Amino acid sequence: MSREHVLVFDTTLRDGEQSPGCSMNLSEKVNLAKQLDRLGVDIIEAGFPTASEGDFESVKAVAGEVRRPVIAALARAKTDDIKCAWDAVRNADKPRIHTFLATSDIHLEYKLKMTREEALVRAKESVRLARSLCDDVEFSAEDATRTDLDFLCAVIEAVIREGAATINIPDTVGYTTPGEFRSIIEAVRNRVNGIERATVSVHCHDDLGLAVANTLAALEGGARQVECTINGIGERAGNASLEEVVMALRTRADVMPFETGVAAEELYASSRLLIESTGVAVQPNKAIVGRNAFAHEAGIHQDGMIKNKLTYEIMTPQSVGVPESRLVLGKHSGRHALALRCEALGYRFERRALDRLYRRFVALADEIKAVDDHRIEQLVRDEMLEISAA
Ligand code: MN
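Remember, predicted model here, so these are calculated numbers, not experimental data.

K.L.:
How should I be thinking about the coordination of the manganese ion in this particular structure?
P.N.:
Metal coordination angles in their ideal form are 109.5 degrees for the four-donor tetrahedron and 90 or 180 degrees for the six-donor octahedron. At the metal site, the manganese ion is ligated by D15 (OD), H203 (NE2) and H205 (NE2), and these contacts range over 2.0 to 2.3 Å. Sequence positions of the residues that donate to the manganese ion give the spacing D-x187-H-x1-H. Pair noted here: D15 is in the loop between strand 2 (7-10) and helix 1 (26-39) and H203 is in strand 8 (residues 199-204), with a separation of 188 residues, a long-range link. Grouping residues by exposure puts D15 and H203 together as buried.

Below, the structure written as structure tokens:
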């Protein structure tokens with residue numbers, strides 16, 4: 001089966017960071033962006049530069065330090081926003097301006113107080129301005145899934161003519177269903193003149209628990225960019241979870257002819273780094289990265305697993321980088337073993353911090369002999385508290 005490439009657009013640093021309790025400071029954002037680079041995402045949406053001075057500075061820092069992926073900055077369809085976004089990303093090797101305007105009647109009437117005609121003009125002018133600054137422009141029709149389909153197609157056609165190379169169709173309020181969303185994507189691909197010059201993107205929210213299912217349905221309808229976040233964080237119920245989309249495509253490659261550039265073995269480390277940066281955990285039964293995602297509790301299941309893992313395991317924990325927890329470190333374990341263990345758990349330390357961590361580890365190993373992953377995570381937390389207090 002020949003596979004079509006799907007671009008992975010990570011918005012953990014933008015939509016994800018908008019979720020309550022998930023704000024990060026500049027160095028946490030740069031560290032996470034570096035991990036997203038290792039993970040192999042194609043595009044990193046680094047933030048919304050006009051939102052605050054801090055957002056601007058962190059987008060600028062990510063653009064300056066992370067070279068391989070496209071670095072996108074979000075902007076409302078406003079002159080100042082677009083210029084500000086450009087100032088923040090212009091030093092990236094591959095900068096992108098991502099501008100958006102709501103297109104649903106509900107948003108136009110109550111939020112923007114604009115007619116459809118005015119919105120169409122604004123969308124065109126914004127993309128034109130963005131293109132005058134940056135070669136790579138993405139346009140999002142906010143609340144697309146509650147937008148009149150004819151009007152949605154007219155806006156998309158107009159912004160493609162102005163040079164938008166990526167057209168994002170967001171399910172902003174998590175309202176659509178897989179069948180409906182696939183039809184919307186198909187209709188856009190069939191009706192819009194020039195659509196073949198653009199990549200169709202989707203951005204799904206999880207208000208009804210359908211974000212990942214809707215994202216996969218959109219791929220079947222012809223979308224080729226998926227917007228998602230680590231651990232599925234984001235506004236309200238969150239966004240489509242990157243690790244779930246990627247592993248669904250991998251595990252069911254027999255029914256979905258797509259591939260991504262994501263290195264799945266980095267998924268767990270990415271999830272852990274985000275949890276440590278924000279202090280927001282995932283629920284134990286969270287798919288792919290939750291504590292119980294690969295735990296087998298029922299006796300019958302355990303018996304099956306011992307006889308043959310295929311009985312209850314559709315993917316291995318190793319394939320997503322979950323460390324083998326049978327491994328226990330003792331006081332004879334060296335600094336290197338500790339560093340490797342930490343890395344497997346998703347933590348990287350510079351030399352001096354590692355030295356301090358190692359001293360704590362030896363003291364603990366003296367006391368309790370076998371130091372399992374849970375204990376190592378406690379040590380890491382103590383060390384991090386000390387770093388942030390210093
Ligand atoms: Mn969103």
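K.L.:
Help me understand unusual backbone geometry in this model?
P.N.:
Excluding glycine, residues mostly have negative phi values, and the peptide bonds linking residues are mostly trans. Phi at N231 takes a positive value of approximately 60°, unusual for a residue other than glycine. The buried category is assigned to N231, whose relative accessible area is 10%. Although it is not a glycine, I288 adopts a positive phi angle of roughly 70°. Within the element layout of this structure, I288 appears in the loop between helix 10 (267-278) and helix 11 (299-307). Using a relative accessible area of 7% as the deciding quantity, one classes I288 as buried.

K.L.:
Could you clarify how one ought to interpret the sheet that holds strand 2 in this entry?
P.N.:
Either a parallel or an antiparallel arrangement is found when strands of a sheet pair, and the pairing is made through backbone hydrogen bonds. Taken together, 8 strands build a closed barrel; the order of strands is 2-3-4-5-6-7-8-9 and the barrel is parallel. Within the sheet, the average angular offset between the axes of one strand and its neighbour, ignoring direction, is 25°. In this structure, strand 7 (residues 166-171) lies alongside strand 8, joined through 6 bridges in parallel fashion. Bridge pairing links D171 to C204 in strand 8.

K.L.:
Mind showing me how you'd approach the domain arrangement of the protein chain here?
P.N.:
How big an interface is tends to be reported as the loss of accessible area on association of its parts. Domain parsing of the protein chain yields domain 1 (4-278) and domain 2 (295-389). Computed over C-alpha atoms only, the centres of domain 1 and domain 2 are separated by 34 Å. With 12 residues of domain 1 at the contact, the number on the domain 2 side is 16 residues. Buried area between domain 1 and domain 2, summed over both chains or domains, comes out near 1,100 Å², and the portion from carbon and sulfur atoms is 56%. Residue E377 pairs with R272 through a salt bridge whose shortest N-O separation is 3.4 Å.

K.L.:
I tried to follow the packing of helix 3 (residues 79-89) against helix 5 (residues 116-133) on my own but got confused; where do I start?
P.N.:
A packed helix pair is summarised by two numbers, namely the angle formed by the two axes and the spacing between the axes. Their axes nearest at 10 Å, the elements helix 3 and helix 5 cross at an angle of 25°. It follows from the interaxial angle that helix 3 and helix 5 lie roughly parallel. As for how helix 3 packs across helix 5, the hand of that crossing is right-handed. Taking contact as the criterion, the partners of T79, I82, K83 and W86 in helix 3 are, on helix 5, S126, L129, A130 and L133. In terms of residue class, the contact of helix 3 with helix 5 is made up of 5 nonpolar, 2 polar and 1 charged.

K.L.:
Looking at this structure, how should I read the packing of aromatic side chains?
P.N.:
Each pair of aromatic rings is reported with the distance of its centres and the angle of its planes. Scanning the model with the defined rule gives 2 aromatic pairs in all. A centroid spacing of 6.4 Å and a plane angle of 65° characterise the contact between F48 and F100, whose relative ring orientation is edge-to-face. With F48 in the loop between strand 3 (43-47) and helix 2 (53-65) and F100 in strand 5 (residues 95-102), the pair connects residues that are 52 residues apart, well separated along the chain. For the residue pair F48 and F100, the accessibility class agrees, reading buried in each case.

Conventions and cut-offs
- Residues numbered from 1 in each chain as written.
- Predicted model: local features only at pLDDT ≥ 70, side-chain atom pairs only at ≥ 80, totals over all residues.
- Heavy atoms only, no water.
- Donors = N, O, S within 2.8 Å, 3.2 Å for Na, K, Ca; no water.
- Helix = DSSP H or I, 4+ residues; strand = E, 2+ residues; numbered from the N terminus.
- Buried < 20%, exposed > 50% of the residue type's maximum accessible area, 1.4 Å probe, protein only.
- Pairing = 2+ DSSP bridges.
- Axes fitted to C-alpha atoms, helices over the stretch in contact; angles between N-to-C directions.
- Domains from an automatic or database assignment.
- Contact = heavy atoms within 4.5 Å.
- Buried area = accessible area lost by both parts, 1.4 Å probe.
- Salt bridge = Lys/Arg side-chain N within 4 Å of Asp/Glu carboxyl O.
- Parallel < 35°, antiparallel > 145°, perpendicular 65-115°, else oblique.
- Left-handed = near helix turned anticlockwise from the far one by under 90°.
- Nonpolar A, V, L, I, M, F, W, Y, C, P; charged D, E, K, R; others polar.
- Phe/Tyr/Trp six-rings, centres within 6.5 Å; stacked < 30°, edge-to-face > 60°.

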